[in-house]
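Chains, contacts and geometry: an overview
So the chains spell out like this:
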Amino acid sequence: MNETKSRYDKIVIVSGPSGVGKSTICKEVAKRLNNVYLSVSVTTRPRSKAEVDGQDYWFISENEFQKRLDKGLLLEHAEVFGHWYGTPKEQVDEALQQGSIVILEIDVQGAIQVKRIHKDAVMIFVFPPTQKELAERMKLRGREDLETAEDRLNGASGEIAAAWQYYKHMVINDNLQQAVNEVVEIIQQN
Ligand code: 5GP
């Protein structure tokens with residue numbers, strides 16, 4: 001099929017370790033810029049009490065995930081901490097066609113897949129100010145049990161190492177408003 005590229009085609013990838021505050025930053029950025037589409041991923045991870053289906057994620061079974069994958073409905077997908085995550089392709093394409101800025105909050109594996117297809121995708125990695133701060137934020141969030149939280153913290157160093165290789169833009173989330181300002185600026189300048 002002939003892929004028509006919109007003049008405004010802009011995909012922004014936001015990655016970073018679990019608990020770093022990516023979702024909060026992305027939501028704030030969406031308030032600050034016009035015409036932003038925040039992609040909602042599908043995942044096989046169980047929903048936590050605070051999460052809303054269709055808003056935070058589409059929570060689906062492994063069987064359903066596999067079906068969508070087989071049908072080519074996912075722009076990218078990856079296994080992260082033992083669960084599957086993927087970006088629905090159709091909604092992203094539609095938003096791009098409408099001239100939206102599409103923000104994908106995905107991990108490094110997914111980001112590499114998207115970058116292969118959308119070569120102009122802007123890649124931003126969000127760092128915690130310190131490792132200790134990241135552990136504190138995860139504890140405060142209280143979403144996962146201790147073992148899962150430890151797994152995620154251990155995974156953070158691997159992701160941070162990969163960030164140096166693949167991401168052009170780095171933002172430290174020490175102060176939320178400052179981090180949001182920096183992401184907005186990056187989007188506007190790229
Ligand atoms: P969480 O379970 O904490 O919401 O997300 C775990 C990790 O999966 C985070 O690094 C998050 O960015 C990543 N993630 C969320 N949605 C997707 C997706 O659709 N694709 C990929 N590749 N990673 C995702």
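Please read these numbers as outputs of a predicted model, since none were measured by experiment. (Residues numbered from 1 in each chain as written. Predicted model: local features only at pLDDT ≥ 70, side-chain atom pairs only at ≥ 80, totals over all residues. Heavy atoms only, no water.)

**A closer look at the overall build of the chain**
For the chain, the count of helices and strands is seven helices and nine strands. Relative to its length of 190 residues, the chain is compact, with a C-alpha radius of gyration of 16 Å against a globular reference of 16 Å. Counting only C-alpha atoms and orienting by the principal axes, one finds that the chain spans roughly 50 × 40 × 30 Å. Taking all 190 residues of the chain together, 44% fall into the buried category. In the chain, the proportion of contacts linking residues at least 24 apart, taken out of those at least 6 apart, comes to 67%. (Helix = DSSP H or I, 4+ residues; strand = E, 2+ residues; numbered from the N terminus. Rg over C-alpha atoms; globule rule 2.2 N^0.38 Å. Buried < 20%, exposed > 50% of the residue type's maximum accessible area, 1.4 Å probe, protein only. Contact = heavy atoms within 4.5 Å.)

**Re the pairing of strand 6 (residues 83-88)**
Across a regular strand the side chains alternate sides, sitting on one face of the sheet and then on the other. Across two bridges, strand 3 (residues 42-43) lies against strand 6 in antiparallel orientation. By the bridge assignment, V42 is partnered in strand 6 with G86. The pairing of strand 5 (residues 74-80) with strand 6 spans six bridges and is classified as antiparallel. From the neighbouring strand, H77 faces strand 6, where its bridge partner is G86. What sits between the antiparallel neighbours strand 5 and strand 6 is a turn of two residues, in which F81 has the positive phi angle 50 degrees. (Pairing = 2+ DSSP bridges.)

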